[in-house]
Amino acid sequence: MKAYAIVIQGNRVSESAFTNLIRSSDFHGNEFHINVYDAVTPNLVDDMMEEKQLKWNYPWEGAILDFNVGLIKNAYATTNPKARIACALSHYDLWERCVSDDEPYLILEHDAEFVMKLELSVVEEFMKFPGSILSINSPLGATRRAALYHTLLRQGSEKFVPCPTIDDDKVPQGLPGNSAYIIKPQAAQAMIDLVANFGLWPNDAIMCKQLIH
């Protein structure tokens, strides 16, 4: 498994958060190295979208029903649309690398923090499990309706628990926040294919349980 943290180089807040992430990982004795992924920034968005032949397909205002997937796409509040696209592109680029390397990736946003050791044996077990993507973070503080998500999650008795349903089935839902997850190469390819078919969305919207296991 390769581990990457998405960090905005030269951004004091992002680099400070990453320092805290590394300290927490070392403190809990994780047995893997976390690499820095140089985050896509807004000034790179136009060229990168053209280079990868991608189109943004998510509303900036209101909500629309996407008849291609049967899902309601609700706009995310943002003052800088290109920053939202840049975040999605950072995850997308890491999915491409995961496919190229043909090994699982642990993808972390810079403000992730370890509160316990991530045992590599868990990763090995997950690779034999039918699920494609594994969240390793608590939903509390990481997603909407977090308390309900957390309550439903705790009702599961298995080690790997399917994402609970916390809203109408037409609303994209899945991993809590998409800020700390392990993705298999075949799942990374599936995400790339989804983007090719339906356009680029915020990563936590298109990586929903209605579209991928």
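Keep in mind the model is a prediction, meaning the values are calculated, not measured.

Parameters and conventions
Residues numbered from 1 in each chain as written. Predicted model: local features only at pLDDT ≥ 70, side-chain atom pairs only at ≥ 80, totals over all residues. Heavy atoms only, no water. Helix = DSSP H or I, 4+ residues; strand = E, 2+ residues; numbered from the N terminus. Rg over C-alpha atoms; globule rule 2.2 N^0.38 Å. Buried < 20%, exposed > 50% of the residue type's maximum accessible area, 1.4 Å probe, protein only. Contact = heavy atoms within 4.5 Å. Areas by Shrake-Rupley, 256 points an atom, 1.4 Å probe, with all protein chains shown as cover. Lys, Arg positive; Asp, Glu negative; His and termini not counted. Charge placed at Lys NZ, Arg CZ, Asp CG, Glu CD. Core = buried A, V, L, I, M, F, W, Y, C linked by side-chain atoms within 4.5 Å. Polar contact = N/O pair within 3.5 Å; in protein donor to acceptor, adjacent residues only side chain to side chain. Expected span 1.5 Å × (residues − 1). Phe/Tyr/Trp six-rings, centres within 6.5 Å; stacked < 30°, edge-to-face > 60°. Lys NZ or Arg CZ within 6 Å of the ring centre and 35° of its normal.

Draft legend 1. Quick peek at the overall build of the chain. For the chain, the helix and strand inventory stands at seven helices and seven strands. When the helices and strands of the chain are listed from N to C terminus, the series reads β-α-β-α-β-β-α-β-α-β-α-β-α-α. The globule rule puts the C-alpha radius of gyration for 213 residues at 17 Å, and the 17 Å found for the chain is close to it. The buried share among the 213 residues of the chain stands at 44%. Counted over contacts in the chain with a minimum sequence separation of 6, partners at least 24 positions apart contribute 73%. Put simply, the chain shows about 11,200 Å² of open surface, and 50% of that area lies on carbon and sulfur atoms. Positive and negative charge centroids in the chain, built from 18 and 27 side chains respectively, lie 4 Å apart.

Draft legend 2. Broad picture of the nonpolar core. Judged by nonpolar contacts, the single largest core of 41 residues is most densely connected at Leu89, Trp95, Ile133, Ile183, Met191, Leu200 and Met207. For this core, the secondary structure elements donating two or more residues are β1 (2-7), α2 (45-51), α3 (81-101), β5 (105-109), β7 (180-183), α6 (185-198) and α7 (203-206). Ranked by residue count, the leading element in this core is α3, at eight residues.

Draft legend 3. Molecular detail of the side chain of Asn30. Within the secondary structure layout, Asn30 lies in the loop between α1 (12-27) and β2 (34-38). Side-chain polar atoms of Asn30 contact the side chain of Ser25, separated by 2.9 Å. A polar contact of 2.8 Å, which involves the side chain of Asn30, links it to the backbone nitrogen of Leu118. If near-sequence neighbours (up to four positions away) are discounted, Asn30 is found in contact with Ser25, Phe114, Met116, Lys117 and Leu118.

Draft legend 4. View of α3. Its 21 residues give α3 an end-to-end C-alpha distance of 31 Å, which sits within 8% of 30 Å, the value for a rise of 1.5 Å per residue. Taken residue by residue, α3 has Ile85, Ala86, Ala88, Leu89, Ser90, His91, Tyr92, Asp93, Leu94, Trp95 and Cys98 as its buried positions. Trailing α3 by a residue or two, Asp102 shows a phi angle of about 55°, which is positive.

Draft legend 5. Spatial organisation of the packing of aromatic side chains. Evaluation of the coordinates by the stated rule reveals eight aromatic pairs. A ring pair is formed by Tyr58 and Trp201, whose centres lie 5.7 Å apart and whose planes are at 50°; its orientation type is tilted. Of this pair, Tyr58 sits in the loop between α2 and β3 (63-66) while Trp201 sits in the loop between α6 and α7; the two residues are 143 residues apart in sequence, bridging distant segments of the chain. Here Tyr58 falls in the buried class, since its relative accessible area comes to 8%. These aromatic residues form a ring-pair network of at least three members: Tyr58, Tyr76 and Trp201. For the cation-ring pair, Lys184 lies above Phe126, with the distance from its terminal atom to the ring centre recorded as 4.5 Å.

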